[in-house]
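Chain and residue survey
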Amino acid sequence: MSATTRLTVAQALVRFLSVQYTERDGVRHRLIAGTWGIFGHGNVAGVGQALLEAGEDAMPFHQGRNEQAMVHAAVGHARQLNRLSAQAVTTSIGPGATNLVTGAALATINRLPVLLLPGDYFATRAADPLLQQLEHPTEADVSVNDTLRPVSRYFDRIHRPEALIPSALQAMRVLSDPAETGAVTLALPQDVQAEAYDWPQEFFAERVWRVRRPAPDPVELAEAAHAIRSSHRPLIVAGGGVHHSEAEEALRTLVDATGIPVASTQAGKGSLRHDHPADLGGIGHTGTAVADDLARTADLVIGVGTRYSDFTTASGTLFQNPDVRFLNLNITAFDAHKLASRTVVCDARAGLEALASALAGHRVDASYEAEYATGKERWEQVVARAYEAADENAVPTQTQLLGALDAVVGEEDVVINAAGSLPGDLHKLWRARSPRQYHLEYGYSCMGYEIPAAIGVQQATPDTPVWALVGDGTYLMMPTELVTAVQEGLPINLVLIQNHGYASIGGLSESVGGERFGTAYRYRAADGTFSGAPLPVDLAANAASLGMDVLRAKTVRELREALATARASDRPTCVYVETDTAAATAPPAEAWWDVPVAETASRQAAVAARTEYDRQAAARRTHL
């Protein structure tokens, strides 16, 4: 009989997680690098006790303030380490568990690994119903944790101790597989967490999950090379898969040899340095003029590690060449087949290296290179104008803020954002200097992601200067993890922009006939609308009350000084600035985004917006 060890289910799970590793290209990482937790009756005596007993060396513990934010922090950690390391998140039952849903959706949509360990009802039903238990009148086995099923790549509820063994192994398989990864949920009934079992010692043996680099199929590769050689205006769309695969050098080698230009999605920006001759910047609704102009005339669009969101395709209106075809290189067949594409299903780096060999001697026409070089130069002038401040003593605009930050950061800095008007400005204007500098969560565009993600990035790479850029709307959604940054001594930098409301949605509302209804943070006026004076909130004081060092900047000069001071600080620091929203310095959208407008309306703004909507929608194409 094999040797066994008697432990509770929670103790066994923590011990198992502590000896799981990934390995790619000979480099090893802990698969579960730590566990975030907020304790309640559903996990305090189970997973909580197990973490205490295991100790910090076996499983580092991080104290969170909000369950959704803990998932965001874990996602930031995983993205910074190219999906080779993840973190776990433990919660109680009830609201603690349902607070995980938004973070889980974000992780799965962005193809990023996180392990969720919510408490659950008693498997024995000895106490039924429990505090915070959902009672379903016709399905007794349903709990609130079932809300995590559609947003998880793998889900299981551990009703018996011995069921943990196959389920834990499956969970690690999914977390470490780049073609499968996302949120993984193991729901843990609280009585089972505390139940003892004789575990085979083999369960606790060190395991290495090798992250494969599948090579392209020879037939697919040959067809892809033929398609590229036959094209006249090819365009590469670099997605997040380039970064996850660490394929930036392979992409640069291919582009240097062939002259094929590269436009990037939000997740793929930085795949080439901003000053590389073939880097065109962002593509789509928030893209650059040069990238979108080439996309409209491209006869072959080569997607690398992208899932083609509506922002990338301009809601199906961007790729207008009647003869355009698509070639998608992706590690998942699901994404590779989008847009009726030719497919190369493989690891991004392996595929790009193979393509470079297959295309030896091939180069696009010199006139095409000259065309996009001219367009790139024109766009650089747009960026310079948006960044420039003629008066150093004036209130900065948002793009001038980005210009000030651009002058302060180094190649090693990471700039994080997710929602509001900043993603558009950043995608168009930011000069990405390194593969990890530009960190935009735009798969779910989740307000509140930035601050906890900055913590996750800082934990993953402790010596990295990290910037979380948020507006007042996003800040009020989730400032809670500032307390965690202070507690852990993590010197994240928060740039907090006050513009008195949901500025991005306000602008969108105006463009679609909504007249900025319900988007301003103001007192009610006599007519009942929120159009009175701005609310007298002091978000800088709030950040200071949570333990941050706070620097207030009122002018462009003060802003530059504050940003430099924050970067040099070894403490969590907030730079607070109220921007000038009246001065329009951001370049307009270069492509459309489909937000349906009321087909019938009595207000003139909506009628006019519908006319423009119908005009734009007429350009939509279905690619077959």
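Remember, predicted model here, so these are calculated numbers, not experimental data.

1. Section: the overall build of the protein
The helix and strand inventory of the protein stands at 24 helices and 23 strands. Over its C-alpha atoms the protein spans a radius of gyration of 25 Å, differing by no more than 12% from the 25 Å that the globule rule assigns to 624 residues. For the protein, the spread of C-alpha atoms along the three principal axes comes to 75 × 70 × 55 Å. Burial status across the protein gives 58% buried among its 624 residues. Sequence separation of 24 or more characterises 76% of the internal contacts of the protein that already satisfy a separation of 6 or more. Carbon and sulfur atoms form 53% of the exposed surface of the protein, whose accessible area is close to 24300 Å². Taken together, the 52 basic and 72 acidic charged side chains of the protein have centroids lying 3 Å from each other.

2. A short note on the layout of surface pockets
Considering only enclosed or pocket space, the second largest pocket measures out at about 210 Å³ in volume. For the lining of the second largest pocket, the class distribution of residues is 3 nonpolar, 7 polar and 4 charged.

3. Some points on the sheet that holds strand β11 (residues 207-210)
In space, the 3 strands of this open sheet follow the order β3-β2-β11, with mixed pairing throughout. Looking at the sheet topology across the chains shown, the edges are occupied by β3 (27-30) and β11. Each neighbouring strand pair of the sheet contributes to a mean axis angle of 30°, computed without reference to strand direction. Both strand β2 (residues 20-24) and β11 contribute to a ladder of 4 bridges, which runs parallel. Each bridged residue has a counterpart across the sheet, and for Q20 the counterpart in β11 is R207.

4. Quick look at empty space enclosed by the protein
Tallying each qualifying case throughout the model produces 7 cavities of 30 Å³ or more. When its volume is computed, the largest cavity comes out at roughly 590 Å³. Elements represented by at least two residues in the lining of the largest cavity include exactly α9 (240-244), α12 (310-313) and β16 (325-330). Considering each element in turn, the lining of the largest cavity owes the most residues, 4 residues, to α9. Of the residues in the lining of the largest cavity, the class split is 14 nonpolar, 18 polar and 10 charged. Roughly 130 Å³ of internal volume is contained in the second largest cavity. The wall of the second largest cavity is formed by 15 residues, among which D279, G281, W379, E380 and K428 lie closest to the centre. Elements that contribute at least two residues to the lining of the second largest cavity include exactly β14 (279-282), α15 (366-387) and α17 (422-429). Sorting elements by how many residues they give to the lining of the second largest cavity places α15 first, with 4 residues. Tallied by class, residues from the lining of the second largest cavity come to 6 nonpolar, 3 polar and 6 charged.

5. Section: the pairing of strand β21 (residues 493-498)
Where burial is concerned, most of β21 is hidden: 6 out of the 6 residues are buried. Burial of the side chains of β21 extends over both faces: N493, V495 and I497 are buried on one face and L494, L496 and Q498 on the other. Bridge analysis of strand β20 (residues 466-471) against β21 gives 5 bridges, and the strand direction is parallel. Counterpart to L469 in the pairing with β21 is V495. For β21 and strand β23 (residues 573-578), the ladder comprises 6 bridges, and the chain directions are parallel. Directly across from N493, in β23, lies its bridge partner T573.

6. Structural notes on the packing of aromatic side chains
Aromatic ring pairs are defined here through the distance separating the ring centres and the angle between the ring planes. One pass over the full model with this rule turns up 12 aromatic pairs. An angle of 75° between the planes, with centres 4.8 Å apart, marks the rings of Y197 and W199 as edge-to-face. Residue Y197 is classed as partly exposed on the basis of its relative accessible area of 26%. Given the relative accessible area of 0%, W199 is considered buried. Put simply, the rings of F16, Y197, W199, F203 and F204 touch in pairs and so form one group of aromatic residues. The cationic tip of R28 hangs over the ring face of Y21; the distance from NZ or CZ to the ring centre is 5.7 Å. Above the ring of Y576, the side-chain terminus of R552 is found at 5.7 Å from the ring centroid.

7. Thoughts on the sheet that holds strand β5 (residues 61-63)
Spatially, β5-β4-β6-β7-β9-β8 is the arrangement adopted by the 6 strands of the open sheet, whose pairing is parallel. Each having just a single partner strand, β5 and β8 (154-157) make up the two edges of the open sheet. Across the sheet, the mean angle separating the axes of adjacent strands is 20° when strand polarity is ignored. Relative to β5, strand β4 (residues 32-37) runs parallel, the two sharing 3 bridges. Following the sheet pairing, G37 is matched in β5 by Q63.

8. Digging into unusual backbone geometry
For the bond running from D128 to P129, omega is 5°, close enough to zero to count as cis. Relative to the helices and strands, P129 is located in the loop between β7 (114-120) and β8. The phi torsion at D25 lies on the positive side, around 55°, for a residue other than glycine. Within the fold, D25 resides in the loop between β2 and β3. Despite not being glycine, L339 shows a phi value in the positive range, around 60°. Residue placement: L339 occurs in the loop between α13 (333-336) and β17 (342-345).

9. Points about the packing of helix α1 (residues 9-17) against helix α6 (residues 164-176)
In contact at an axis separation of 11 Å, α1 and α6 are set at 35° when each is read in the N-to-C sense. Of the two elements, α1 crosses α6, and the hand of that crossing is right-handed. Two secondary-structure elements touch here, α1 through V9, A12, L13, F16 and L17 and α6 through L164, A168, L169 and M172. Residue classes in the contact of α1 with α6 are distributed as 9 nonpolar, no polar and no charged.

10. Side note on the nonpolar core
Counting residues in hydrophobic clusters, the biggest one holds 81 residues, and the most contacted among them are I236, L251, W430, W467, L469 and L563. The dominant element in this core, judged by the number of residues it contributes, is α15, at 7 residues. In this view, W430 contacts K269, Y387, L402, L405, D406, V409, V415, D425, Q437 and Y438; residues no more than four positions away in its chain are not counted. Grouped together as the second largest cluster of nonpolar side chains are 46 residues, A105, A468, Y475 and A540 included.

Basis of the calculations
- Residues numbered from 1 in each chain as written.
- Predicted model: local features only at pLDDT ≥ 70, side-chain atom pairs only at ≥ 80, totals over all residues.
- Heavy atoms only, no water.
- Helix = DSSP H or I, 4+ residues; strand = E, 2+ residues; numbered from the N terminus.
- Rg over C-alpha atoms; globule rule 2.2 N^0.38 Å.
- Buried < 20%, exposed > 50% of the residue type's maximum accessible area, 1.4 Å probe, protein only.
- Contact = heavy atoms within 4.5 Å.
- Areas by Shrake-Rupley, 256 points an atom, 1.4 Å probe, with all protein chains shown as cover.
- Lys, Arg positive; Asp, Glu negative; His and termini not counted.
- Charge placed at Lys NZ, Arg CZ, Asp CG, Glu CD.
- 1 Å grid on protein atoms, 1.4 Å probe; cavity = no way out; pocket = protein on both sides within 12 Å on 5 of 7 lines; lining within 4 Å.
- Points joined across faces, edges and corners; volume = space filled by probe spheres on them.
- Nonpolar A, V, L, I, M, F, W, Y, C, P; charged D, E, K, R; others polar.
- Pairing = 2+ DSSP bridges.
- Axes fitted to C-alpha atoms, helices over the stretch in contact; angles between N-to-C directions.
- Phe/Tyr/Trp six-rings, centres within 6.5 Å; stacked < 30°, edge-to-face > 60°.
- Lys NZ or Arg CZ within 6 Å of the ring centre and 35° of its normal.
- Left-handed = near helix turned anticlockwise from the far one by under 90°.
- Core = buried A, V, L, I, M, F, W, Y, C linked by side-chain atoms within 4.5 Å.

Function cannot be read off these values alone, since they describe shape.
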